[in-house]
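# Structure assessment
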Protein chains: 2
Amino acid sequence: MSMVIVGSVAYDGVETPHGKVDHMLGGACTYIALSASFFTHPKIVAVVGDDFAQEDYDLLASRGIDLAGLERVPGKTFFWSGIYSEDMNDRETTATDLNVFADFNPKLPDSYKSAPYLFLGNIQPGLQHAVKAQMDETSLRLTGGDTMNYWIASFRDELLKTIAGWDFMLINDTEARMLSGETNLRKAARKIQEMGPRTLVIKRGEHGAILWHGETHFMVPGYLLDDVFDPTGAGDCFAGGFMGYLAGEGIAPGEGAPDRDILRRAVIYGSVMGSFCCERFGVERFRTLTRQEIDGRYQEFKDFTSF
Amino acid sequence: MSMVIVGSVAYDGVETPHGKVDHMLGGACTYIALSASFFTHPKIVAVVGDDFAQEDYDLLASRGIDLAGLERVPGKTFFWSGIYSEDMNDRETTATDLNVFADFNPKLPDSYKSAPYLFLGNIQPGLQHAVKAQMDETSLRLTGGDTMNYWIASFRDELLKTIAGWDFMLINDTEARMLSGETNLRKAARKIQEMGPRTLVIKRGEHGAILWHGETHFMVPGYLLDDVFDPTGAGDCFAGGFMGYLAGEGIAPGEGAPDRDILRRAVIYGSVMGSFCCERFGVERFRTLTRQEIDGRYQEFKDFTSF
């Protein structure tokens, strides 16, 4: 089933111990949509400048991504750049040029409004709320989203109002601690679930992820790669794999045990997509990735976690 | 089957965000033996001073630990103290008074020499080697051990000669990177396996552990506690649970798939024992812990990792 994704489409400059790329396709919405496209039909809502290259449109289109909501306006596309530390666990941002993204006011094409799945990428919480308000509530089956430290610190009230209407939330461990005010992840998760999202995924980078669903939790370790070329976008690819799998299966999980099993599989697909993302710079890995490779790695997760 | 453990028996002073204890029973050998005592019959080789308290002897004896190899000499028992950071991920050592441990030269009682299982705790690599040489090689079925940054940096040649004769090694991720010279854990593991130990467990603190056995690996996440009171000794309790389980079952794993499954279960028991250790200060949790609680938590690991 189709899935609307709102967020940033950007150009990135990235330096890691494995190399340096000055200008390449990036942005959370891009990564989420590319990842989800292996499972379902993503429809993106984003804005780019008139410098956005035809070959980048073509890549997104080649993956079956609906670009009706990709607005093109005069000016330059959002640009971000950063340098990763030797162990890749830290990065320093060297540029954040919002450009046309500064005035982003997402408007959904009519053809998007009856989509049953909605993923609200990391943008201003008020805009996330406004996007959900444009959807046809009777068709909408599952809403989830992401956020970041800046919104948690400076837009807290708006963020709390927004996530109160989400079915699930996907954030990293630092953000979970910040949002909840709790250092301990069990306690942090309980507090965030009380804020609205009954299902919560806490991403822990190389250390995997934890899913909370009702009273239960599920933990998956991070995939061990021989080489991490570029971790940019891995968390977004996790989100795309997670919700993309649910949308592809046409599932809106409730409280029961079968729903728990489905969500666990979605977390594994999220982990799989995040791991592939790191194997090449930027979105490169998604040019050649196949569903067979994805299912092969899913099986690897089973093999190295079961006892 | 019985299992010989060599290492430190000490007194510790520990401060964590949950409280402060100035003087309590500690030491790697103590934690390993207490943990292993829930699965098998540990025999310890260690040295204490004449300040070693009767109640501490009594605790060890009450767990069925053979104390024939616990030498008592004039002077003070090894003392260590440290302060943990707010998030417990760092600790600062405030005292390391070797005392009688400085001249520790482990001598095995004759009654120990035919034990089939040998765990060489973190002491000078030459001493580890000398302990193994005292064992009856024809009875010995499984030898493993631990080490630390100091020995890796300053006694490298001796350490390499020692671990060449081990079946398994249990170290943390920082030590694994230091020993192998590789940042990437897959590469680090391969190099360490080539040094001798066919089986390797890399402990990652709150992030769990990875087992390498031949060409395969197994990953387990760390147990999520509501409160970590004191992480001191958790890694040693992991070692005690891991080898204690193998010794209790009378298993010396080879290369096959059943051996792989047994080693995985041993890693889970190690994780279970490490998690219990953190629930109270020092060795307190082991005064009341039951095998039923241990098996209950083993089942929890199954529940929160299976998909």
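Refer to the preceding data block for the structure.
Scope of this entry: the structure provided in the associated data block.

Basis of the calculations
Every chain begins its residue count from 1, and numbering advances along the sequence as written. Throughout, the order in which chains and ligands are written sets their labels, letters from A for the former and numbers from 1 for the latter. In keeping with the model being predicted, local features are shown solely for residues with a pLDDT of at least 70 and side-chain atom pairs are shown and tallied solely at 80 or more, while totals for entire chains, interfaces and linings include all residues. Derived side-chain values reflect all non-hydrogen atoms in the structure, with water molecules and hydrogen atoms excluded from consideration. In what follows, residue pairs with any heavy atoms lying within 4.5 Å of each other are defined as contacts. Buried area counts how much accessible surface, traced with a 1.4 Å probe, disappears from two parts once they are put together, with both parts' losses summed. The rule for a salt bridge is simple: a side-chain nitrogen of Lys or Arg has to be within 4 Å of a carboxyl oxygen of Asp or Glu. Two strands are said to pair when DSSP picks up at least two bridges between them. The helix and strand labels rest on DSSP assignments: H or I over at least four residues marks a helix, E over at least two residues marks a strand, and numbering proceeds from the N terminus. In this description, a line fitted to the C-alpha atoms serves as the axis of each element, helices being fitted only across the stretch in contact, and the angle between N-to-C directions of two axes falls anywhere from 0 to 180 degrees.

This paragraph deals with the interface of chain B and chain A. On the side of chain A, 33 residues touch chain B, which itself brings 33 residues to the contact. Of the roughly 3,000 Å² buried between chain B and chain A, counting both surfaces, carbon and sulfur atoms make up 53%. Taken as a group, B:Met219, B:Leu224 and B:Phe307 account for 28% of the area that chain B buries against chain A, more than any other trio of residues on that side. Joining chain B to chain A, the criterion identifies four salt bridges.

This part takes up the sheet that holds strand S3 (residues 19-26) of chain A. Residues and elements named next belong to chain A. Spatially, S3-S2-S6-S7 is the arrangement adopted by the four strands of the open sheet, whose pairing is mixed. Each end of this open sheet is capped by a strand with a single partner; those strands are S3 and strand S7 (91-97). Going from strand to strand, the sheet's axes swing by 15 degrees on average, the running direction of each strand aside. As judged from the six bridges shared by strand S6 (residues 79-84) and S7, these two strands associate in the antiparallel manner. Along S7, the bridge assignment pairs Ser81 with Ala95. Packing against the sheet, helix H1 (residues 28-36) makes contact with strand S2 (10-16) and S3, and its axis sits at approximately 80 degrees to S3.

Before going further, it helps to examine the sheet that holds strand S5 (residues 66-72) of chain B. Residues and elements named next belong to chain B. Across the sheet, nine strands lie side by side as S5-S4-S1-S8-S9-S10-S11-S12-S13; this open sheet has mixed pairing. Both edges of this open sheet fall to S5 and strand S13 (216-220), since each of them pairs with a single strand only. Each strand of the sheet is rotated relative to its neighbour by a mean of 15 degrees, with strand direction disregarded. Both strand S10 (residues 168-172) and strand S11 (residues 199-203) contribute to a ladder of five bridges, which runs parallel. The partner of Phe168 across the bridge, within S11, is Thr199. Across the sheet, helix H6 (residues 173-180) touches S10 and S11, and the angle it forms with S10 is around 110 degrees. Sheet contacts for helix H8 (residues 234-249): strand S1 (2-6), strand S8 (117-120), strand S9 (142-145), S10, S11 and strand S12 (209-213); angle to S8, the most-contacted strand, approximately 170 degrees.

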